[in-house]
Amino acid sequence: VQLQASGGGSVQPGGSLRLSCAASGAIRSINSMGWYRQAAGKERELVASLSGGGPANIAESVKGRFTISRDNAKNTASLQMSNLKDEDTAVYYCHAVYLVATGWESSWGRGTQVTVSS
């Protein structure tokens, strides 16, 4: 199973970016998909995730600015980021928990850099 992330880049404060993540491979079902980020010198932290049919789990620091969505039929997830701030600068990682023939597994996608700077 592979997670392919795209959509990072550089933007000025107040700008917007959209990250996308596509899961491919022998997936029977996906329990959760989400985004984490890791800023320089800091630990990786949850940004937003969607599990099953439940509500989104969104970090307080991005509530009201970031929105996560999933397309279960396509095994994709997107993170719409608006009103970006300098402190949102980080490498963003897609993460998924999914079912394959041998049981539940999880994977990380290759990180995508988001830089917010004037």
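Attention in this report is confined to the structure presented alongside it.

Calculation criteria
- Residues numbered from 1 in each chain as written.
- Predicted model: local features only at pLDDT ≥ 70, side-chain atom pairs only at ≥ 80, totals over all residues.
- Heavy atoms only, no water.
- Helix = DSSP H or I, 4+ residues; strand = E, 2+ residues; numbered from the N terminus.
- Rg over C-alpha atoms; globule rule 2.2 N^0.38 Å.
- Buried < 20%, exposed > 50% of the residue type's maximum accessible area, 1.4 Å probe, protein only.
- Areas by Shrake-Rupley, 256 points an atom, 1.4 Å probe, with all protein chains shown as cover.
- Lys, Arg positive; Asp, Glu negative; His and termini not counted.
- Charge placed at Lys NZ, Arg CZ, Asp CG, Glu CD.
- Phe/Tyr/Trp six-rings, centres within 6.5 Å; stacked < 30°, edge-to-face > 60°.

1. What to know about the overall build of the protein chain
Piece 1. Helix and strand content of the protein chain: zero helices and eleven strands.
Piece 2. When the helices and strands of the protein chain are listed from N to C terminus, the series reads β-β-β-β-β-β-β-β-β-β-β.
Piece 3. The C-alpha atoms of the protein chain give 14 Å as radius of gyration, which agrees with the globular expectation for 118 residues (13 Å, within 12%).
Piece 4. Overall, the C-alpha framework of the protein chain stretches about 45 × 25 × 25 Å when taken along its three principal axes.
Piece 5. The buried share of the protein chain, taken over its 118 residues, is 38%.
Piece 6. When the accessible surface of the protein chain is summed, it comes to about 6,300 Å², and 45% of that surface belongs to carbon and sulfur atoms.
Piece 7. The centroid of the 11 positive side-chain charges in the protein chain is displaced by 6 Å from the centroid of its 8 negative side-chain charges.

2. A closer look at the packing of aromatic side chains
Piece 1. Scanning the entire structure with this criterion turns up two aromatic pairs.
Piece 2. When the ring of Tyr-36 is compared with that of Trp-108, the centres are 4.9 Å apart and the planes differ by 70 degrees; the resulting orientation is edge-to-face. Taken together, the residues span a long stretch of sequence, with Tyr-36 in strand E4 (residues 29–38) and Trp-108 in strand E10 (residues 103–108) at a distance of 72 residues.
Piece 3. A residue is classified by how much of its surface remains accessible, and Tyr-36, at 23% relative accessible area, is partly exposed.
Piece 4. Judged by centre distance (6.4 Å) and plane angle (90 degrees), the ring pair of Tyr-93 and Trp-108 falls under edge-to-face.

Keep in mind these numbers describe shape, not what the thing actually does.
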